[in-house]
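Structural characterization, general
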Amino acid sequence: MAETGKGVTAGKLAINVQKRLTRAQEKVLQKLGKADETRDAAFEEMVANFNKQMNEGTKLHKDLKAYLTAVKTMHDASRRLQDCLADMYEPEWFGKEEMDALAEEMIEKEMDNNLEDTDTLWMDYHQNMMDKPLSTMDAYLTQFPDIRARIAKRDRKMVDFDSARHHFASLQKGKKKDEAKIAKPAALLEMAAPSWAQGLISAHQVAQTNLSYNQAEEDLGRAQKIYEELNVELQDELPALWDNRVGVYVNTFQSLAGHQEKFHREMSKLSQNLNDIMTKLEEQRELKKGAAAKTGDGARSDEVNHSESAGSPPKAAATSGSEGDVPPGFLYKVKAVHDYAATDSDELELKTGDMVLALAFDTPDEQDDGWLLGVKESHWLQNKDISAKGVFPENFTQKV
(Lines give C-alpha, C1' and ligand atoms only; values in the text may rest on other atoms or scores of the structure.)
Protein backbone atom coordinates (compact mmCIF):
# COMPACT_ATOMS: atom_id res chain seq x y z
CA MET A 1 0.00 0.00 0.00
CA ALA A 2 2.88 2.32 0.73
CA GLU A 3 4.26 1.75 -2.79
CA THR A 4 0.85 2.50 -4.28
CA GLY A 5 0.67 5.76 -2.33
CA LYS A 6 4.10 6.72 -3.55
CA GLY A 7 3.13 5.86 -7.10
CA VAL A 8 0.00 8.01 -6.93
CA THR A 9 1.98 10.90 -5.52
CA ALA A 10 4.67 10.55 -8.16
CA GLY A 11 2.03 10.36 -10.88
CA LYS A 12 0.31 13.52 -9.70
CA LEU A 13 3.65 15.25 -9.48
CA ALA A 14 4.49 14.24 -13.02
CA ILE A 15 1.12 15.51 -14.27
CA ASN A 16 1.60 18.87 -12.51
CA VAL A 17 5.10 19.22 -13.93
CA GLN A 18 3.80 18.40 -17.41
CA LYS A 19 1.02 21.00 -17.02
CA ARG A 20 3.50 23.66 -16.00
CA LEU A 21 5.76 22.85 -18.93
CA THR A 22 2.85 22.94 -21.34
CA ARG A 23 1.64 26.29 -19.96
CA ALA A 24 5.15 27.75 -20.11
CA GLN A 25 5.56 26.56 -23.69
CA GLU A 26 2.19 28.01 -24.64
CA LYS A 27 3.02 31.41 -23.12
CA VAL A 28 6.32 31.50 -24.99
CA LEU A 29 4.55 30.77 -28.26
CA GLN A 30 1.98 33.48 -27.50
CA LYS A 31 4.66 36.05 -26.73
CA LEU A 32 6.50 35.15 -29.93
CA GLY A 33 3.28 35.58 -31.88
CA LYS A 34 3.21 31.96 -33.04
CA ALA A 35 0.00 31.19 -31.16
CA ASP A 36 -3.06 33.35 -30.60
CA GLU A 37 -4.17 34.20 -27.03
CA THR A 38 -7.69 34.36 -25.64
CA ARG A 39 -8.31 37.97 -24.58
CA ASP A 40 -11.25 39.46 -22.67
CA ALA A 41 -10.95 43.24 -22.30
CA ALA A 42 -14.00 43.52 -20.02
CA PHE A 43 -12.66 40.87 -17.67
CA GLU A 44 -9.21 42.48 -17.62
CA GLU A 45 -10.84 45.73 -16.54
CA MET A 46 -12.64 43.86 -13.75
CA VAL A 47 -9.34 42.39 -12.58
CA ALA A 48 -7.71 45.85 -12.61
CA ASN A 49 -10.59 47.19 -10.48
CA PHE A 50 -10.26 44.20 -8.16
CA ASN A 51 -6.54 44.81 -7.63
CA LYS A 52 -7.17 48.52 -7.02
CA GLN A 53 -9.98 47.71 -4.57
CA MET A 54 -7.85 45.16 -2.71
CA ASN A 55 -4.90 47.57 -2.41
CA GLU A 56 -7.15 50.39 -1.16
CA GLY A 57 -8.86 48.14 1.36
CA THR A 58 -5.54 46.81 2.62
CA LYS A 59 -4.19 50.35 3.04
CA LEU A 60 -7.35 51.49 4.85
CA HIS A 61 -7.15 48.49 7.18
CA LYS A 62 -3.49 49.23 7.90
CA ASP A 63 -4.20 52.92 8.59
CA LEU A 64 -7.14 52.03 10.86
CA LYS A 65 -4.89 49.76 12.91
CA ALA A 66 -2.28 52.52 13.11
CA TYR A 67 -5.01 54.94 14.25
CA LEU A 68 -6.13 52.53 16.98
CA THR A 69 -2.53 52.12 18.09
CA ALA A 70 -2.30 55.92 18.35
CA VAL A 71 -5.56 56.01 20.35
CA LYS A 72 -4.12 53.42 22.75
CA THR A 73 -0.92 55.47 23.04
CA MET A 74 -2.91 58.64 23.70
CA HIS A 75 -4.96 56.78 26.31
CA ASP A 76 -1.83 55.65 28.11
CA ALA A 77 -0.31 59.14 27.94
CA SER A 78 -3.55 60.71 29.20
CA ARG A 79 -3.74 58.21 32.05
CA ARG A 80 -0.16 58.94 33.10
CA LEU A 81 -0.83 62.67 32.94
CA GLN A 82 -4.01 62.33 35.00
CA ASP A 83 -2.26 60.06 37.52
CA CYS A 84 0.50 62.65 37.84
CA LEU A 85 -2.08 65.35 38.52
CA ALA A 86 -3.84 63.17 41.09
CA ASP A 87 -0.55 62.42 42.83
CA MET A 88 0.47 66.08 42.93
CA TYR A 89 -2.90 67.33 44.19
CA GLU A 90 -2.61 67.74 47.95
CA PRO A 91 -5.28 69.64 49.90
CA GLU A 92 -2.75 70.82 52.48
CA TRP A 93 -1.07 72.98 49.84
CA PHE A 94 -3.96 75.39 50.19
CA GLY A 95 -4.25 75.35 53.98
CA LYS A 96 -6.64 72.60 54.87
CA GLU A 97 -7.04 73.86 58.46
CA GLU A 98 -8.02 77.36 57.40
CA MET A 99 -10.39 76.40 54.59
CA ASP A 100 -13.79 74.85 54.58
CA ALA A 101 -13.26 71.10 54.96
CA LEU A 102 -16.48 70.29 53.15
CA ALA A 103 -15.48 72.28 50.06
CA GLU A 104 -12.10 70.58 50.10
CA GLU A 105 -13.73 67.15 50.22
CA MET A 106 -16.05 68.05 47.35
CA ILE A 107 -13.11 69.14 45.20
CA GLU A 108 -11.24 65.93 45.91
CA LYS A 109 -14.33 63.88 45.01
CA GLU A 110 -14.84 65.83 41.78
CA MET A 111 -11.19 65.29 40.87
CA ASP A 112 -11.39 61.52 41.44
CA ASN A 113 -14.62 61.20 39.46
CA ASN A 114 -13.24 63.29 36.61
CA LEU A 115 -10.08 61.18 36.30
CA GLU A 116 -12.07 57.94 36.45
CA ASP A 117 -14.55 59.14 33.81
CA THR A 118 -11.72 60.22 31.52
CA ASP A 119 -10.08 56.80 31.69
CA THR A 120 -13.40 55.03 31.06
CA LEU A 121 -14.12 57.28 28.09
CA TRP A 122 -10.79 56.44 26.47
CA MET A 123 -11.35 52.70 26.98
CA ASP A 124 -14.88 52.83 25.54
CA TYR A 125 -13.67 54.82 22.53
CA HIS A 126 -10.89 52.31 21.80
CA GLN A 127 -13.23 49.33 22.23
CA ASN A 128 -15.93 50.85 20.00
CA MET A 129 -13.36 51.46 17.28
CA MET A 130 -12.24 47.84 17.55
CA ASP A 131 -15.81 46.50 17.45
CA LYS A 132 -17.19 48.56 14.56
CA PRO A 133 -14.84 50.09 11.94
CA LEU A 134 -11.95 47.65 12.32
CA SER A 135 -14.14 44.53 12.47
CA THR A 136 -16.01 45.74 9.37
CA MET A 137 -12.73 46.05 7.47
CA ASP A 138 -11.55 42.66 8.76
CA ALA A 139 -14.67 40.98 7.36
CA TYR A 140 -14.40 42.95 4.12
CA LEU A 141 -10.79 41.89 3.46
CA THR A 142 -11.44 38.19 4.03
CA GLN A 143 -13.08 37.99 0.57
CA PHE A 144 -10.00 39.00 -1.40
CA PRO A 145 -7.60 36.04 -0.92
CA ASP A 146 -10.13 33.49 -2.20
CA ILE A 147 -11.14 35.60 -5.20
CA ARG A 148 -7.53 36.38 -6.04
CA ALA A 149 -6.72 32.65 -5.98
CA ARG A 150 -9.65 31.94 -8.30
CA ILE A 151 -8.55 34.68 -10.71
CA ALA A 152 -5.09 33.08 -10.84
CA LYS A 153 -6.69 29.67 -11.40
CA ARG A 154 -8.87 31.12 -14.18
CA ASP A 155 -5.73 32.50 -15.87
CA ARG A 156 -4.06 29.09 -15.70
CA LYS A 157 -7.13 27.35 -17.09
CA MET A 158 -7.28 29.91 -19.89
CA VAL A 159 -3.72 28.95 -20.88
CA ASP A 160 -4.72 25.26 -20.74
CA PHE A 161 -7.72 26.03 -22.94
CA ASP A 162 -5.54 27.88 -25.47
CA SER A 163 -3.02 25.04 -25.47
CA ALA A 164 -5.75 22.41 -26.00
CA ARG A 165 -7.30 24.54 -28.74
CA HIS A 166 -4.00 24.90 -30.58
CA HIS A 167 -3.22 21.19 -30.19
CA PHE A 168 -6.62 20.24 -31.58
CA ALA A 169 -6.19 22.64 -34.51
CA SER A 170 -2.78 21.15 -35.33
CA LEU A 171 -4.28 17.65 -35.28
CA GLN A 172 -7.01 18.76 -37.63
CA LYS A 173 -4.42 19.92 -40.11
CA GLY A 174 -2.41 16.73 -39.64
CA LYS A 175 -5.49 14.57 -40.16
CA LYS A 176 -6.14 16.13 -43.54
CA LYS A 177 -2.55 15.45 -44.58
CA ASP A 178 -2.73 11.85 -43.31
CA GLU A 179 -5.95 11.26 -45.22
CA ALA A 180 -4.26 12.50 -48.36
CA LYS A 181 -1.30 10.16 -47.76
CA ILE A 182 -3.57 7.22 -47.08
CA ALA A 183 -5.52 7.86 -50.28
CA LYS A 184 -2.27 7.70 -52.29
CA PRO A 185 -0.05 4.98 -50.70
CA ALA A 186 3.63 5.16 -51.27
CA ALA A 187 5.08 3.10 -54.13
CA LEU A 188 7.34 1.26 -51.75
CA LEU A 189 4.39 0.18 -49.59
CA GLU A 190 2.48 -1.00 -52.61
CA MET A 191 5.41 -3.01 -53.82
CA ALA A 192 6.32 -4.52 -50.43
CA ALA A 193 2.88 -5.44 -49.11
CA PRO A 194 0.42 -7.78 -50.72
CA SER A 195 -2.84 -6.30 -51.84
CA TRP A 196 -4.89 -7.88 -49.05
CA ALA A 197 -2.55 -6.25 -46.36
CA GLN A 198 -2.68 -2.75 -47.77
CA GLY A 199 -6.23 -2.29 -46.50
CA LEU A 200 -5.27 -3.34 -42.96
CA ILE A 201 -2.37 -0.88 -42.88
CA SER A 202 -4.60 1.96 -44.03
CA ALA A 203 -7.26 1.09 -41.48
CA HIS A 204 -4.66 1.06 -38.67
CA GLN A 205 -3.36 4.49 -39.64
CA VAL A 206 -6.87 5.91 -39.77
CA ALA A 207 -7.67 4.43 -36.36
CA GLN A 208 -4.57 5.97 -34.78
CA THR A 209 -5.30 9.35 -36.28
CA ASN A 210 -8.91 9.23 -35.13
CA LEU A 211 -7.87 8.21 -31.60
CA SER A 212 -5.50 11.14 -31.22
CA TYR A 213 -8.05 13.46 -32.74
CA ASN A 214 -10.84 12.28 -30.43
CA GLN A 215 -8.58 12.52 -27.37
CA ALA A 216 -7.58 16.08 -28.28
CA GLU A 217 -11.23 16.98 -28.84
CA GLU A 218 -12.18 15.63 -25.40
CA ASP A 219 -9.28 17.53 -23.78
CA LEU A 220 -10.37 20.70 -25.53
CA GLY A 221 -13.97 20.31 -24.39
CA ARG A 222 -12.92 19.65 -20.79
CA ALA A 223 -10.48 22.59 -20.70
CA GLN A 224 -13.07 24.89 -22.24
CA LYS A 225 -15.74 23.85 -19.73
CA ILE A 226 -13.49 24.43 -16.69
CA TYR A 227 -12.31 27.79 -18.02
CA GLU A 228 -15.79 29.05 -18.90
CA GLU A 229 -17.27 28.00 -15.53
CA LEU A 230 -14.61 29.95 -13.65
CA ASN A 231 -14.91 32.86 -16.05
CA VAL A 232 -18.69 33.13 -15.66
CA GLU A 233 -18.53 32.93 -11.84
CA LEU A 234 -15.92 35.69 -11.63
CA GLN A 235 -17.76 37.87 -14.14
CA ASP A 236 -20.75 37.77 -11.76
CA GLU A 237 -18.80 38.26 -8.52
CA LEU A 238 -16.21 40.91 -9.44
CA PRO A 239 -18.67 43.68 -10.44
CA ALA A 240 -20.75 43.03 -7.31
CA LEU A 241 -17.63 43.20 -5.12
CA TRP A 242 -16.55 46.42 -6.85
CA ASP A 243 -19.93 48.07 -6.21
CA ASN A 244 -19.94 46.84 -2.60
CA ARG A 245 -16.86 48.89 -1.71
CA VAL A 246 -18.90 52.12 -1.51
CA GLY A 247 -21.17 50.75 1.20
CA VAL A 248 -18.20 49.42 3.16
CA TYR A 249 -16.41 52.78 3.05
CA VAL A 250 -19.60 54.64 4.04
CA ASN A 251 -20.26 52.36 7.02
CA THR A 252 -16.63 52.46 8.13
CA PHE A 253 -16.21 56.24 8.07
CA GLN A 254 -19.71 56.97 9.39
CA SER A 255 -18.98 54.72 12.36
CA LEU A 256 -15.55 56.32 12.78
CA ALA A 257 -16.97 59.85 12.64
CA GLY A 258 -19.81 58.99 15.03
CA HIS A 259 -17.50 57.53 17.66
CA GLN A 260 -15.09 60.44 17.29
CA GLU A 261 -17.88 62.99 17.69
CA LYS A 262 -19.24 61.26 20.81
CA PHE A 263 -15.79 60.85 22.32
CA HIS A 264 -14.75 64.47 21.79
CA ARG A 265 -18.12 65.75 23.04
CA GLU A 266 -17.86 63.80 26.28
CA MET A 267 -14.16 64.58 26.61
CA SER A 268 -14.95 68.28 26.21
CA LYS A 269 -17.31 68.08 29.18
CA LEU A 270 -14.69 66.35 31.31
CA SER A 271 -12.05 68.87 30.26
CA GLN A 272 -14.40 71.69 31.28
CA ASN A 273 -14.98 69.97 34.64
CA LEU A 274 -11.24 69.71 35.18
CA ASN A 275 -10.83 73.37 34.27
CA ASP A 276 -13.55 74.31 36.79
CA ILE A 277 -11.79 72.30 39.49
CA MET A 278 -8.52 74.07 38.80
CA THR A 279 -10.35 77.40 38.94
CA LYS A 280 -11.73 76.51 42.38
CA LEU A 281 -8.27 75.61 43.59
CA GLU A 282 -6.89 78.91 42.32
CA GLU A 283 -9.69 80.81 44.05
CA GLN A 284 -8.92 79.06 47.32
CA ARG A 285 -5.24 79.84 46.91
CA GLU A 286 -6.02 83.54 46.34
CA LEU A 287 -8.32 83.62 49.37
CA LYS A 288 -5.60 82.10 51.53
CA LYS A 289 -3.05 84.60 50.24
CA GLY A 290 -5.50 87.43 50.95
CA ALA A 291 -6.10 86.21 54.50
CA ALA A 292 -2.36 85.93 55.15
CA ALA A 293 -1.78 89.41 53.72
CA LYS A 294 -4.52 90.88 55.92
CA THR A 295 -2.98 89.33 59.00
CA GLY A 296 0.43 90.69 58.08
CA ASP A 297 -0.93 94.16 57.25
CA GLY A 298 -2.77 94.31 60.58
CA ALA A 299 0.37 93.44 62.50
CA ARG A 300 2.47 95.98 60.60
CA SER A 301 -0.22 98.66 61.09
CA ASP A 302 -0.20 98.10 64.85
CA GLU A 303 3.58 98.41 64.94
CA VAL A 304 3.57 101.63 62.90
CA ASN A 305 0.79 103.20 64.98
CA HIS A 306 2.60 102.28 68.19
CA SER A 307 5.91 103.75 67.00
CA GLU A 308 4.23 106.92 65.73
CA SER A 309 2.32 107.48 68.95
CA ALA A 310 5.45 106.91 71.05
CA GLY A 311 8.03 108.88 69.05
CA SER A 312 6.12 111.57 67.10
CA PRO A 313 3.67 113.64 69.24
CA PRO A 314 2.94 116.24 66.50
CA LYS A 315 2.05 113.54 64.00
CA ALA A 316 -0.07 111.75 66.57
CA ALA A 317 -1.95 114.95 67.06
CA ALA A 318 -2.58 115.22 63.36
CA THR A 319 -3.89 111.66 63.32
CA SER A 320 -6.08 112.42 66.26
CA GLY A 321 -7.35 115.41 64.41
CA SER A 322 -8.40 113.28 61.42
CA GLU A 323 -10.22 110.57 63.36
CA GLY A 324 -13.56 111.92 62.11
CA ASP A 325 -12.82 110.69 58.57
CA VAL A 326 -12.96 106.97 59.51
CA PRO A 327 -14.96 105.17 62.20
CA PRO A 328 -13.34 103.90 65.38
CA GLY A 329 -11.65 100.51 64.92
CA PHE A 330 -11.33 100.96 61.16
CA LEU A 331 -9.07 98.33 59.53
CA TYR A 332 -9.43 98.59 55.74
CA LYS A 333 -11.99 99.07 53.01
CA VAL A 334 -13.61 96.25 50.99
CA LYS A 335 -15.93 96.10 47.98
CA ALA A 336 -18.85 93.68 47.68
CA VAL A 337 -18.44 91.38 44.64
CA HIS A 338 -21.64 89.39 45.27
CA ASP A 339 -25.07 90.14 46.71
CA TYR A 340 -25.59 88.91 50.26
CA ALA A 341 -28.98 88.70 51.93
CA ALA A 342 -28.78 89.04 55.72
CA THR A 343 -30.29 86.11 57.59
CA ASP A 344 -29.90 87.51 61.10
CA SER A 345 -30.25 90.87 62.82
CA ASP A 346 -26.49 91.24 63.40
CA GLU A 347 -25.63 90.66 59.74
CA LEU A 348 -24.96 93.31 57.12
CA GLU A 349 -26.87 93.04 53.83
CA LEU A 350 -24.73 93.63 50.74
CA LYS A 351 -25.32 94.56 47.13
CA THR A 352 -22.69 94.11 44.46
CA GLY A 353 -20.54 97.22 44.35
CA ASP A 354 -21.20 98.37 47.96
CA MET A 355 -18.13 99.85 49.66
CA VAL A 356 -17.76 98.62 53.25
CA LEU A 357 -15.46 99.86 56.02
CA ALA A 358 -14.12 96.81 57.88
CA LEU A 359 -13.96 97.27 61.68
CA ALA A 360 -12.18 95.45 64.43
CA PHE A 361 -14.30 93.23 66.69
CA ASP A 362 -14.63 94.40 70.28
CA THR A 363 -13.26 91.06 71.44
CA PRO A 364 -11.40 88.61 69.18
CA ASP A 365 -13.54 85.71 70.44
CA GLU A 366 -16.58 87.19 68.73
CA GLN A 367 -15.05 86.78 65.25
CA ASP A 368 -15.90 83.60 63.33
CA ASP A 369 -13.56 82.28 60.66
CA GLY A 370 -14.36 83.77 57.27
CA TRP A 371 -16.54 86.64 58.66
CA LEU A 372 -15.83 90.37 58.96
CA LEU A 373 -17.44 93.23 60.89
CA GLY A 374 -18.13 96.51 59.11
CA VAL A 375 -20.38 99.40 58.19
CA LYS A 376 -21.28 100.67 54.75
CA GLU A 377 -19.17 103.64 53.71
CA SER A 378 -22.25 105.53 52.47
CA HIS A 379 -23.90 105.25 55.90
CA TRP A 380 -20.76 106.40 57.70
CA LEU A 381 -20.24 109.43 55.44
CA GLN A 382 -23.87 110.46 55.84
CA ASN A 383 -24.44 109.77 59.56
CA LYS A 384 -20.96 109.51 61.07
CA ASP A 385 -22.01 106.63 63.31
CA ILE A 386 -21.58 102.86 63.29
CA SER A 387 -25.00 101.92 64.59
CA ALA A 388 -25.72 100.09 61.30
CA LYS A 389 -22.65 97.89 61.52
CA GLY A 390 -22.97 94.17 61.01
CA VAL A 391 -21.07 90.98 60.12
CA PHE A 392 -20.76 89.65 56.57
CA PRO A 393 -18.89 86.81 54.80
CA GLU A 394 -15.39 87.77 53.77
CA ASN A 395 -15.46 85.77 50.49
CA PHE A 396 -18.33 87.97 49.24
CA THR A 397 -15.99 90.98 49.19
CA GLN A 398 -12.68 92.06 47.80
CA LYS A 399 -10.13 94.29 49.52
CA VAL A 400 -9.48 97.66 47.87
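Going by the structure above, here's the rest.
Source: prediction; values computed, not measured.

Re the sheet that holds strand 2 (residues 355-359)
Reading across the sheet, the five strands line up as 4-3-2-1-5 and stay open at both edges, with antiparallel pairing between neighbours. Edge positions in the sheet fall to strand 4 (390-393) and strand 5 (397-399), since each has one partner strand and no second. Strand after strand, the sheet turns through a mean of 50° between neighbouring axes, direction not considered. Here strand 1 (residues 330-336) runs beside strand 2; their pairing, made up of five bridges, is antiparallel. From the neighbouring strand, Phe-330 faces strand 2, where its bridge partner is Leu-359.

As for the nonpolar core
Counting 28 residues, the largest nonpolar core has Phe-50, Phe-144, Ile-147, Ile-151 and Leu-238 as its most contacted members. Among the elements that line this core, the one with the most residues is helix 2 (residues 41-88), at nine residues. The next biggest cluster of nonpolar side chains, apart from the first, holds 10 residues, and it includes Ala-336, Tyr-340, Val-356 and Phe-392.

Comments concerning the packing of aromatic side chains
Tallied over the full model, the rule gives eight aromatic pairs. Pairing Phe-161 with Tyr-227 gives two aromatic rings, centres 5.6 Å apart and planes at 5°, and the pair type is stacked. One end of the pair, Phe-161, is in helix 4 (residues 143-183); the other, Tyr-227, is in helix 6 (residues 195-311), with 66 residues separating them in the sequence. When sorted by exposure, Phe-161 lands in the same class as Tyr-227, which is buried.

Calculation rules
- Residues numbered from 1 in each chain as written.
- Predicted model: local features only at pLDDT ≥ 70, side-chain atom pairs only at ≥ 80, totals over all residues.
- Heavy atoms only, no water.
- Pairing = 2+ DSSP bridges.
- Helix = DSSP H or I, 4+ residues; strand = E, 2+ residues; numbered from the N terminus.
- Axes fitted to C-alpha atoms, helices over the stretch in contact; angles between N-to-C directions.
- Core = buried A, V, L, I, M, F, W, Y, C linked by side-chain atoms within 4.5 Å.
- Buried < 20%, exposed > 50% of the residue type's maximum accessible area, 1.4 Å probe, protein only.
- Phe/Tyr/Trp six-rings, centres within 6.5 Å; stacked < 30°, edge-to-face > 60°.

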